[in-house]
Amino acid sequence: MRKEIIKLDSISKEYCVGEFTVKALQNLTFSINRGEFVAIMGSSGSGKSTLMNILGCLDSASGGNYWLNGVNVLDYDDNALSRLRNEEIGFVFQSFNLLPRLSALENVSLPMIYKGVRQKDRRRRAMDLLRKVSIEHRFNHRPNQMSGGQVQRVAIARALANNPSIILADEPTGNLDSQTTKEIMGIFTRLHREGNTIIIVTHDKFVAQFAKRIIKLRDGIIESDLIV
Ligand SMILES: Nc1ncnc2c1ncn2[C@@H]1O[C@H](COP(=O)(O)OP(=O)(O)OP(=O)(O)O)[C@@H](O)[C@H]1O
Ligand SMILES: [Mg+2]
């Protein structure tokens, strides 16, 4: 297994809006090793979500190279990228992004359906994951039948469904109160101890202190990159 799971070389991202160009990311170069727990911080508009979208292969860079697990993502076509996203990357978002009509168990099972896991195995694994984040008693509830913290637990369980190489979380506690934030960060900390690679975007210093490395962005460049 390769130590370096993410390697960015001179990644930039520009958005064109009318006749203006926004330089959202400028020549970012850094690597992240397997098992790291990284917080990405920076003020609003500094490029955090843009970076997460590129790391998660939801969007492509305007320039530079990105190797995920040793493979340059530029070498993947759309189909390969979808498979990569589903199997290598677990996403957790601020607004949860679960499917409203599906139960907790079904939401967690979904990435495994795309991967072709058999129903019996999906169900067993989904229940195990719900148990891992202590929400198994709500397996049959739909998202609108749970609290924000409970829904976020389900979202974390779903992110883990296919045992991804990295977990990307963009403001995962942004909609949660401080007690629930503490509980959710406790879950990320446990996942980190179990060897998962976690990258989390946050405005919140309290949240960032759970990470072991803090990368600060300012106007699309790295202002600081510190092991804490
Ligand atoms: N789709 C887009 N089209 C044009 N400009 C964009 C687009 N998305 C982001 N931007 C611009 O790129 C810059 C970086 O945006 P980004 O969303 O990455 O910031 P952020 O650090 O996540 O901010 P926040 O903390 O508010 O979520 C901003 O100046 C933003 O206005
Ligand atoms: Mg953002």
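Procedures and definitions
- Residues numbered from 1 in each chain as written.
- Chains lettered and ligands numbered in written order.
- Predicted model: local features only at pLDDT ≥ 70, side-chain atom pairs only at ≥ 80, totals over all residues.
- Heavy atoms only, no water.
- Helix = DSSP H or I, 4+ residues; strand = E, 2+ residues; numbered from the N terminus.
- Rg over C-alpha atoms; globule rule 2.2 N^0.38 Å.
- Buried < 20%, exposed > 50% of the residue type's maximum accessible area, 1.4 Å probe, protein only.
- Contact = heavy atoms within 4.5 Å.
- Lys, Arg positive; Asp, Glu negative; His and termini not counted.
- Charge placed at Lys NZ, Arg CZ, Asp CG, Glu CD.
- Pairing = 2+ DSSP bridges.
- Axes fitted to C-alpha atoms, helices over the stretch in contact; angles between N-to-C directions.
- Near = heavy atom within 4 Å.
- Polar contact = N/O pair within 3.5 Å; in protein donor to acceptor, adjacent residues only side chain to side chain.
- Areas by Shrake-Rupley, 256 points an atom, 1.4 Å probe, with all protein chains shown as cover.
- Nonpolar A, V, L, I, M, F, W, Y, C, P; charged D, E, K, R; others polar.

1. Side note on the overall build of the chain
Alright, step 1. Scanning the chain from terminus to terminus reveals seven helices and 10 strands.
Alright, step 2. In summary, the chain has a C-alpha radius of gyration of 17 Å against a globular reference of 17 Å for 228 residues, a match within 12%.
Alright, step 3. For the C-alpha atoms alone, the extent of the chain along its principal axes is close to 50 × 40 × 40 Å.
Alright, step 4. Burial analysis of the chain (228 residues in total) assigns 49% to the buried set.
Alright, step 5. If you take every contact in the chain between residues at least 6 apart in sequence, the share linking residues at least 24 apart comes to 71%.
Alright, step 6. Positive and negative charge centroids in the chain, built from 31 and 24 side chains respectively, lie 8 Å apart.

2. Brief notes about the sheet that holds strand β6 (residues 89-93)
Alright, step 1. In space, the six strands of this open sheet follow the order β6-β7-β8-β3-β9-β10, with mixed pairing throughout. Both outer strands of the open sheet, β6 and β10 (221-227), are each paired with one neighbouring strand and no more. Going across the sheet, the axis of each strand differs from the next one's by a mean of 15°, ignoring polarity.
Alright, step 2. Of the strand pairs in this sheet, strand β3 (residues 37-41) and strand β9 (residues 213-218) are connected by four bridges, and their pairing is parallel. Its bridge partner lying in β9, A39 is registered against I214.
Alright, step 3. Contacts from helix α1 (residues 48-55) reach β3, β6, β7 (166-170), β8 (197-201) and β9 within the one sheet, and its direction differs from that of β7 by about 155°.

3. Thoughts on the site of ligand 1
Alright, step 1. The local shell around ligand 1 holds 13 residues, among which S44, G45, K48, S49 and T50 are the closest.
Alright, step 2. Separating an oxygen atom of ligand 1 from a backbone N or O atom of G45 is a distance of 2.8 Å.
Alright, step 3. One nitrogen or oxygen atom from the main chain of G47 is found 3.1 Å from an oxygen atom belonging to ligand 1.
Alright, step 4. About the coverage of ligand 1: the protein hides 61% of its 640 Å² of free accessible area.
Alright, step 5. Elements with a minimum of two residues in the shell around ligand 1: β1 (4-17), β2 (20-33) and α1.
Alright, step 6. For the shell around ligand 1, the element with the most residues is α1, which contributes three residues.
Alright, step 7. Tallied by class, residues from the shell around ligand 1 come to four nonpolar, eight polar and one charged.

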